[in-house]
Amino acid sequence: MDFLRPASWEEALAAKAEHPTAVPIAGGTDVMVEINFDHRRPEYLLDLNRVELLGEWEVGEEDVRLGASVPYTRIMEHLRAELPGLALASHTVASPQIRNRGGVGGNLGTASPAGDAHPALLAAGAEVEVESVRGTRFIPIDAFFTGVKRNALQPDELIKTIHVKKADGPQQYSKVGTRNAMVIAVCAFGIALHPETRTVRTGIGSAAPTPVRAREAEEFLNAALEEGGFWDSGRIITPSIAKQFADLASAACNPIDDVRGTARYRRHAVGIMARRTLGWTWEQYRGGARTLEGAA
Amino acid sequence: MRVNFTVNGRPQQADDVWEGESLLYVLRERLGLPGSKNACEQGECGSCTVRLDGVPVCSCLVAAGQVEGREVVTVEGLAEYARQRAEGGSCASGACGTTLDEAKGWSARGAGPQTGEGAPSPRAALSPVQQAFIDAGAVQCGFCTPGLLVAADEMLERNPSPTDEDIREALSGNLCRCTGYEKILDAVRLAAARQERQGEAV
Ligand SMILES: Cc1cc2nc3c(=O)[nH]c(=O)nc-3n(C[C@H](O)[C@H](O)[C@H](O)COP(=O)(O)OP(=O)(O)OC[C@H]3O[C@@H](n4cnc5c(N)ncnc54)[C@H](O)[C@@H]3O)c2cc1C
Ligand code: FES
Ligand code: FES
């Protein structure tokens, strides 16, 4: 095994181009588990810790440009107002020690259906900026997950920045697990209200081969809210609309039975989370709460 | 490969390090510092917790090569680290920190009732958190203790007056199979209260 330690982004891209099989290592919280248990013996480890720009973020007009290696702890501390859904999701990841190292770039690299950043990114709206010596691509988050633990990266590409839309309304993230800390999601649900475009977006985790949006549920809800004039009146969403939204979210799942839960349970739980998180975010919207911070 | 980094305030060098090796392995097997425990090697238990450039991390999940040029504090250096912090000292002389030999020979010499080993060494024998763990009876088999001490000490540095919720959150990455956690929470509350009293006295 060789340990490559590029000191800059350009060096990292050059190393990845020269050794496309090199495994990037950022926080190491996925990679090191695989190496410790001998599930993976890469020829090259490509350490990204010295590449400073990956650890930085910038809050722009429209979006937050989040460096791939910014640890979850930073997101929770500094981006709660701009990215409430992602901050809430970050807080549910593992433990402080893991959150001090792991970040969204690694989560996207692993592309597990259970990755907690994914539903929040799907709901908020995001683009993944990836780069190689050949050039730069912006991959919409909806097109990023291509299969179980597969993503749209080419072998010579690295994730540079995740461009996440700044919240223009309340967001929530909900996760089912057996305890508060240190659980991989049985299933999870993220929701973001976008009052500016009068749309609602969602993300489902751990209930399909990839993280997915509940598109039919979104379309139904967007139409129902529009027709009923809910965005203007700020009326309470009727139970029948909430139920239909929940049922459609359930139907968007394509889960499996595994050690963490059965497919049937996952479908059921996603419906419940969809209804609850819609209720919470809509309450926040009605309250006109100027702070968009989510409640943990 | 060779890795140069700072451990407990002193420069160290590890040789013949395998590229896929963890920081935990380097500390235990190459530098002879077994304070950080190896239990799960998958980030679940926190018994390998050390500070990397001040930040608590699972050393089993840090690749050795990633610590080149960086600073690590292990439980063996915790007492000295806490002493320096209390004195507000930086280490310009290079005479502080904990040498490998001191670290290897480290044992708990508290002022508590269970330890009758005579006078503490001139260097800090126990950090306040360590003393509180002894006094509160928060140690049974002791396997989880080093990781808990490092995590608890860091929290008290950041947040001198933690709520119970803060303590639970800060220690949520550390598993203990013996104590049921109550005495551990007691110990951290005790350390916080003593720290506060000391702050008032100054
Ligand atoms: C005990 C434990 C509990 C966990 N709990 C959770 C949890 O609750 N929720 C959750 O979502 N995850 C969890 N994880 C998984 C892990 O912490 C996350 O997936 C984390 O986001 C990974 O980030 P990292 O920086 O540590 O990634 P790394 O391990 O460094 O890398 C992960 C993958 O991404 C690739 N990669 C990293 N950076 C880049 C880049 N810039 N460009 C291209 N590829 C890249 C790597 O090659 C690798 O394939 C847990 C892990 C552990 C050990
Ligand atoms: S040994 Fe590192 S967390 Fe368990
Ligand atoms: S005292 Fe035995 S594991 Fe905690």
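Residues numbered from 1 in each chain as written. Chains lettered and ligands numbered in written order. Predicted model: local features only at pLDDT ≥ 70, side-chain atom pairs only at ≥ 80, totals over all residues. Heavy atoms only, no water.

### Side note on the overall build of chain A
Let me state the cut-off plainly: Helix and strand assignments follow DSSP, with helices taken as H or I runs no shorter than four residues and strands as E runs no shorter than two, numbered in order from the N terminus. For a compact globule the rule gives 2.2 Å times the number of residues to the power 0.38, and the radius of gyration it is set against comes from C-alpha atoms. Relative accessibility under 20% of the residue-type maximum defines a buried residue, over 50% an exposed one, and the middle range a partly exposed one, all with a 1.4 Å probe and only protein chains included. Only heavy atoms matter for contacts: two residues are in contact if any of them lie within 4.5 Å across the pair.
Per the secondary structure count, chain A includes 11 helices and 13 strands. On C-alpha atoms alone, chain A measures out to a radius of gyration of 19 Å, which is about the 19 Å that the 2.2 N^0.38 rule sets for 296 residues. Projected onto the principal axes, the alpha-carbon positions of chain A cover approximately 60 × 45 × 30 Å. When burial is assessed residue by residue, chain A has 58% of its 296 residues classed as buried. Taking as baseline every contact in chain A between residues at least 6 positions apart, the subset at least 24 positions apart corresponds to 63%.

### Structural notes on the interface of chain B and chain A
Here is the rule we go by: Accessible area that two parts lose when put together, evaluated with a 1.4 Å probe and summed over both, is termed the buried area. Salt bridge, as applied in this entry: a Lys or Arg side-chain nitrogen positioned within 4 Å of an Asp or Glu carboxyl oxygen. In protein, a polar contact means a hydrogen-donor-capable atom and an acceptor-capable atom, both N or O and within 3.5 Å, with residues adjacent in sequence counting only if both atoms are side-chain atoms; elsewhere, any N or O pair within 3.5 Å suffices. Residues are grouped as follows: Ala, Val, Leu, Ile, Met, Phe, Trp, Tyr, Cys and Pro are nonpolar; Asp, Glu, Lys and Arg are charged; every other residue, Gly included, is polar.
Every contact between the two is made by 33 residues of chain B and, on the other side, 29 residues of chain A. Area buried by chain B at its contact with chain A is led by B:Glu19, B:Leu61 and B:Gln66, which between them contribute 26% of it. When the shortest N-O distance is used, the salt bridge between B:Glu169 and A:Arg99 registers 2.6 Å. Counting every contact that joins chain B to chain A gives 12 residue pairs in polar contact (both at pLDDT 80 or more). Only strand E3 (49-52), strand E4 (55-58) and helix H6 (164-170) of chain B provide two or more residues apiece to the side of chain B that touches chain A. Per-element tally for the side of chain B that touches chain A: the top contributor is E4(B), with four residues. Split by residue class, the side of chain B that touches chain A holds 15 nonpolar, 11 polar and seven charged.

### Some points on the UniProt feature "domain: FAD-binding PCMH-type" (unreviewed entry) in chain A
Rules: UniProt positions are given in the numbering used here, feature names are shortened, and annotations may be inferred rather than shown by experiment.
UniProt marks residues 1-169 of chain A with the feature "domain: FAD-binding PCMH-type" (unreviewed entry), using the numbering shown here. As annotated, residues 1-169 of chain A comprises 30% helix and 26% strand, and the C-alpha atoms at either end are separated by 48 Å.

### A word on the nonpolar core
Residues and elements named next belong to chain A. Inclusion rule: Working definition of a nonpolar core: buried Ala, Val, Leu, Ile, Met, Phe, Trp, Tyr and Cys residues. They are joined through side-chain atoms within 4.5 Å.
Counting residues in each nonpolar core, the largest one holds 64 residues, and the members touching the most others are Ile-75, Leu-86, Val-104, Leu-108, Leu-121, Ile-141 and Ile-162. No other element matches the five residues that helix H7 (residues 117-124) contributes to this core. In this structure, Ile-162 is in contact with Val-64, Arg-65, Leu-66, Ala-68, Val-104, Gly-105, Leu-108, Leu-121, Ala-126 and Glu-127, ignoring residues within four places of it in sequence. Ranked by size, the runner-up nonpolar core spans 30 residues in total, among them Val-176, Cys-187, Leu-248 and Trp-282.

### Quick look at the confidence of the model for chain B
Residues and elements named next belong to chain B. Formally: Scored between 0 and 100, pLDDT is the confidence that the predictor attaches to each residue.
Of the residues in chain B, 89% have a pLDDT of 70 or more, and the chain-wide mean is 90. Here residues 112-122 scores under 50 on pLDDT; set against residues more than four positions off or in separate chains, the count is 12 contacts. Both confidence scores are given for the complex: pTM 0.94, ipTM 0.93.

### What to know about the sheet that holds E3(B)
All names here are of chain B. Formally: Any two strands with at least two DSSP-identified bridges between them are counted as paired. Axis geometry follows a simple rule: fit a line to the C-alpha atoms, using only the stretch in contact for helices, then measure angles between N-to-C directions, giving values from 0 to 180 degrees.
Pairing is mixed in the open sheet, where five strands are placed in the order E2-E1-E5-E3-E4. With one partner strand each, in any of the chains shown, strand E2 (10-14) and E4 form the two edges of the open sheet. For this sheet, the mean angle separating the axes of adjacent strands, direction not counted, is 40°. Where strand E1 (residues 3-7) and strand E5 (residues 71-73) come together, two bridges link them in parallel fashion. Directly across from Thr-6, in E5, lies its bridge partner Glu-71.

### Concerning helix H2 (residues 78-86) of chain B
All names here are of chain B. Restricting attention to buried positions, one finds in H2 the residues Leu-78, Ala-79, Glu-80, Ala-82 and Gln-84. Tucked inside the fold, the buried residues of H2 contact helix H4 (128-136) and helix H5 (145-158). After H2 finishes, the residue Gly-88 shows a positive phi value of roughly 65°.

### Brief notes about the sheet that holds strand E4 (residues 57-59) of chain A
Residues and elements named next belong to chain A. Within the open sheet, the five strands sit side by side as E4-E5-E10-E6-E7. Their pairing is antiparallel. If you trace the sheet from one side to the other, it starts and ends with E4 and strand E7 (135-140), each paired once. Neighbour-to-neighbour, the strand axes of the sheet open up by a mean angle of 20°, direction not taken into account. Where E4 lies against strand E5 (residues 63-67), three bridges are found, and the strand directions are antiparallel. Note on E5: the bridge partner recorded for Glu-58 is Arg-65. Across the sheet, H7 touches strand E6 (126-132) and strand E10 (158-165), and the angle it forms with E10 is around 50°.

### Comments concerning the pairing of E1(B)
Where burial is concerned, the two faces of E1(B) differ: the one with B:Val3, B:Phe5 and B:Val7 is buried and the one with B:Asn4 and B:Thr6 is not. Two successive antiparallel strands, E1(B) and E2(B), enclose a turn made up of two residues, where B:Asn8 displays a positive phi of approximately 50°.

### Focus: the packing of helix H10 (residues 239-251) of chain A against helix H11 (residues 263-286) of chain A
Residue and element names in this part refer to chain A. To keep it simple, the criterion reads: Here the angle decides the label: under 35 degrees means roughly parallel, over 145 means roughly antiparallel, 65 to 115 means roughly perpendicular, and every other value means oblique. For a crossing to be left-handed, the near helix must be turned anticlockwise from the far one by less than a right angle; the clockwise case is right-handed.
One can describe the packing of H10 onto H11 by two numbers: an axis separation of 8 Å at closest approach and a directional angle of 140°. With respect to their mutual orientation, H10 and H11 come out oblique. Judged by the twist between their axes, the crossing of H10 over H11 is right-handed. Contacts from Ala-242, Phe-245, Ala-246, Ala-249 and Ser-250 of H10 reach H11 at Arg-267, His-268, Val-270, Gly-271, Ala-274, Arg-275 and Leu-278.

### Overview of the pattern of salt bridges
All names here are of chain A. What the rule picks out here adds up to 34 salt bridges over all chains. For Lys-175, the salt bridge identified is with Asp-116, shortest N-O distance 2.7 Å. Remark: Asp-116 occurs in the loop between helix H6 (104-110) and H7 and Lys-175 occurs in strand E11 (residues 171-176); sequence separation between them is 59 residues. Residue Asp-116 is classed as buried on the basis of its relative accessible area of 7%. Here Glu-226 makes a salt bridge to Arg-198, at a shortest N to O gap of 3.9 Å.

### What about the packing of aromatic side chains?
Residues and elements named next belong to chain A. Basically, it comes down to this: Any Phe, Tyr or Trp ring, taking Trp's six-membered ring, that has another such ring centre within 6.5 Å forms a pair; planes under 30 degrees apart are called stacked, those over 60 apart edge-to-face, and the others tilted. Criterion for a charge above a ring: Arg CZ or Lys NZ at most 6 Å from the ring centre, at most 35 degrees from the ring normal.
Going through the model one piece at a time under the given rule, you end up with five aromatic pairs over all chains. When the ring of Phe-144 is compared with that of Phe-145, the centres are 5.6 Å apart and the planes differ by 90°; the resulting orientation is edge-to-face. Each member of the pair, Phe-144 as well as Phe-145, is classed as buried. Each residue in the set Trp-231, Trp-282 and Tyr-285 is aromatic and connected to the rest through ring pairs, giving one cluster. The lysine or arginine in question, Arg-235, covers the ring of Phe-230, its NZ or CZ lying 4.5 Å from the ring centre.

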